[in-house]
Every structure is written in C-alpha cells, then in structure tokens.
Amino acid sequence: MAEAMDTVAAFPDAWDAKGKGVKGGKGKRQQHGDQGRKGKGGKGGGKGGKGGKNGGKEELPTERKDELEAQLIALSRGTESSATPRVGDLVEVKVLGSDPQELQGQMGPVLGIASLPSLATPAITVRLPSGETSVSASELRIVEAQRPLPEGSLSFPKSLTGMERKFVHSVCERLGLISQSFGKGDDRYITAFRPAEGSGSSGCEPSAPSPCSPSTTVIDVSGVKLDDESKRALLDAVVVPEGWVSSAERMVVCHGSFQKPKQMDHRSVVPDLLNEIATLRPGSTASLRVVTVARGENTIAVGVLGVPSADRNPHVLVATSPGAHAVVKDLHWKPWQKDALVLTGHLTEWPRDPPAA
C-alpha cells in the first residue's frame, strides 16, 4: 500500500531537494559540486557543481539501510525480536551469560506453550538436540515461523529521521507490509504492521457496496463508521475519565467523497495515495488495527492502520472532556501495549450539514 505520510515540507533537505540548492555567492563553491569554481554553477542542488554525483540529493548510508531493512524483513517473516514463539516455530536458545545447561545456540521446534504466574513471559517447551526442555520465551529467538503468520507490528523509535521513515515506508510497500507515521515534530515515529496471512494487506473488502452519493449531495468527509460491537470493544479497552463524552464513532479517511478525495492538511500527499482512496466504495466492510494511543488534556484517541487515509495521524476519536473541542494534531502518541484490538465497520460518506435558514 502506497504511503505518503512523510513526504512533507517538514523535511525538505532529506528527499525533496530536486535541483533547488542554496544559491551561492561569487567565488564560492556550492555545497554539492566539485567544480563550482569562480562563482559559476552557484545554484547548487541538482544542476550546479558539475561534479556532484547525486545532484545534491542526500541518501542514507548503506549500512543504515541494511539495518532498517533487516528489521522489516524479519517482521514480514514472523521472526521479529518482539514475536512470541508459537507451536511449530523453529527457535534458537539465546541465553546470555553463564549457561549451565549449555543450551545456548541450540535449535529445535516448539512443542508446547504454558503461561505460568511466576514468569513474565510464557514457558516454551522445545525439542533440542540435548532433549526436551522448557525455556522462557524471552530466551528464545524465532529462526523460522510456522505458517500462516499472525498479525504483527514493529514500532521504530522517535529518533528516526524523516529520510529514514521514508525509507521504511518504501521497504514496507515492497514487502507487503503496512506502514504509518504518528505524532508531530520530534514526537513523530513510524509503525510497520504485518496483516495476518490470508487476510490481505488492505482492511477493505467489498460487501454489497452502496451506490455513490448523488452528485447533488455535498460530502463533508469520508471514512469508516465503526459497528456497535467495535465501539463497545474500544471503550472497554481504553479508560475514559468519568464525565468525559465518549465517541468511538469513526475514522476519517479524507475530506470530500471517496471518488474525489481531498488532502486533510498542508502536507504534500503523493497522487498514488489519493488514487488508492478513490478506489474505495461506500458500503464496503473495513477493518482497522489499533496500533497507538494518545491522551491529551482534553482528548483521547487511538491510531489505526488498515485503510488508506489522507490524515497525517489516522485515528479514531475515543473521548473528549466536557465542552472541549477535539484536538488531535498536538497529541503525543505511544504504541498500543494492550491485547490486539481490531475494529470493524463500513466505508461511509457523511454529507455536509445544510446551511441554517
């Protein structure tokens, strides 16, 4: 799925410097050219400085690309470091420090899983060359995951640069993963999501879609309207302060209709994303995976993945304080730490309220 959440003006020097370098003064070399002598070629960036190999376009070091890509490949294969082994997985013992049983490095299939009150992580029974043994899940590394793979996600730290997030987006698209950035400024970070195998990478499925809205109807916003069961599940999972006004009604995909989507802020949204939104049809079923949560002074919301969105932070508003107007753009987003939560609903277009008489 094409993602464009980080092709924004906030990081122009990272990937958007196409021939627009800093104008150089006479007698000075521009930044990205080896032959910008005597003031000539002083327009840097793409054309200036005839010796500039990359035309002034900054790139990530190969080692950093390999590091990020390796984490995403592991997620696509179900071997990410945060994954809990399942029966049938091939695992390796990774006990650090002294190992009296000399199990470190041994590999074998998982035979069973047991949750014990005395252990923070499940006890995994593994058939090793030295015999069957029980090992804490935290002491195992998945070498090969049993198919089909379940849902999985990987949240990268906020220290990633805009260029690194863009690279993560591109790798996710190639690997069939879903990616989305959440937050703003220094608090912005990216989450990659692996759908359960067999469910497809998109959270939308045709289900007797209704005809598009008549041309005379002015559509305000389009999105996913949650069903009653999902609304209850969300409000049960998120603690809402007493007296706050609960919502949990919808996730907004775009301004305007699905057929003619409009971006929702001043970012530069690539055409591929808007084209993908334009393929959505009202009435189709949709599923959203909750991946983040944010609590502000007056607003609580959860970040979701599964349906393309022109919103910088795709979300479902959970609740607001009495009399307050929901403000989501300044919230601080954190990864969802509770049990997996998938919300379902239908693609819906909401008409604009008619003007008062």
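To keep things clear, this report deals only with the structure shown in the data block. (Residues numbered from 1 in each chain as written. Predicted model: local features only at pLDDT ≥ 70, side-chain atom pairs only at ≥ 80, totals over all residues. Heavy atoms only, no water.)

Moving on, we come to the overall build of the chain. Within the chain one finds five helices and 17 strands. Long-range pairs, those at least 24 residues apart, make up 68% of the contacts in the chain between residues at least 6 apart in sequence. A total accessible area of about 19500 Å² is found for the chain, and carbon and sulfur atoms account for 50% of it. (Helix = DSSP H or I, 4+ residues; strand = E, 2+ residues; numbered from the N terminus. Contact = heavy atoms within 4.5 Å. Areas by Shrake-Rupley, 256 points an atom, 1.4 Å probe, with all protein chains shown as cover.)

Take the pattern of salt bridges next. Following the criterion strictly, the structure yields ten salt bridges and no others. Between arginine 86 and aspartate 89 there is a salt bridge, with the nearest N and O atoms lying 3.9 Å from each other. A residue is classified by how much of its surface remains accessible, and arginine 86, at 25% relative accessible area, is partly exposed. Each of Arg64, Glu67 and Glu164 takes part in a single network of salt bridges with overlapping partners. (Salt bridge = Lys/Arg side-chain N within 4 Å of Asp/Glu carboxyl O. Buried < 20%, exposed > 50% of the residue type's maximum accessible area, 1.4 Å probe, protein only.)

This part is about the nonpolar core. Side chains of nonpolar character tend, in soluble globular proteins, to be buried together. Ranked by internal contacts, the top residues of the largest apolar core, which has 31 residues, are Leu234, Ile277 and Val302. When contributions to this core are tallied by element, the ones reaching two or more residues are β10 (219-226), α4 (228-237), β12 (250-255), α5 (271-277), β13 (285-295), β14 (299-305), β15 (315-320) and β17 (342-351). Top contributing element to this core by residue count: β13, with four residues. The residues touching leucine 234, leaving out its near neighbours within four places in the chain, are Leu226, Ala248, Val302, Val316, Val318, Leu341 and Leu343. (Core = buried A, V, L, I, M, F, W, Y, C linked by side-chain atoms within 4.5 Å.)

With antiparallel pairing, five strands are arranged side by side in an open sheet as β4-β3-β2-β1-β5. Pairing within the sheet leaves two strands with one partner each, and these edge strands are β4 (131-136) and β5 (140-144). Neighbour to neighbour, the strand axes of the sheet diverge by 45° on average, direction disregarded. Alignment of strand β2 (residues 107-114) against strand β3 (residues 123-128), held across four bridges, turns out to be antiparallel. From the neighbouring strand, isoleucine 113 faces β3, where its bridge partner is isoleucine 124. (Pairing = 2+ DSSP bridges. Axes fitted to C-alpha atoms, helices over the stretch in contact; angles between N-to-C directions.)

In contact at an axis separation of 10 Å, helix α2 (residues 62-77) and helix α3 (residues 162-175) are set at 40° when each is read in the N-to-C sense. Classified by the angle their axes make, α2 and α3 are oblique. Between α2 and α3 lies a crossing of right-handed hand. Contact with α2, carried on its side by Arg64, Lys65, Leu68, Glu69, Leu72, Ile73 and Ser76, involves Glu164, Phe167, Val168, Val171, Cys172, Arg174 and Leu175 of α3 and no other residues of that element. (Parallel < 35°, antiparallel > 145°, perpendicular 65-115°, else oblique. Left-handed = near helix turned anticlockwise from the far one by under 90°.)

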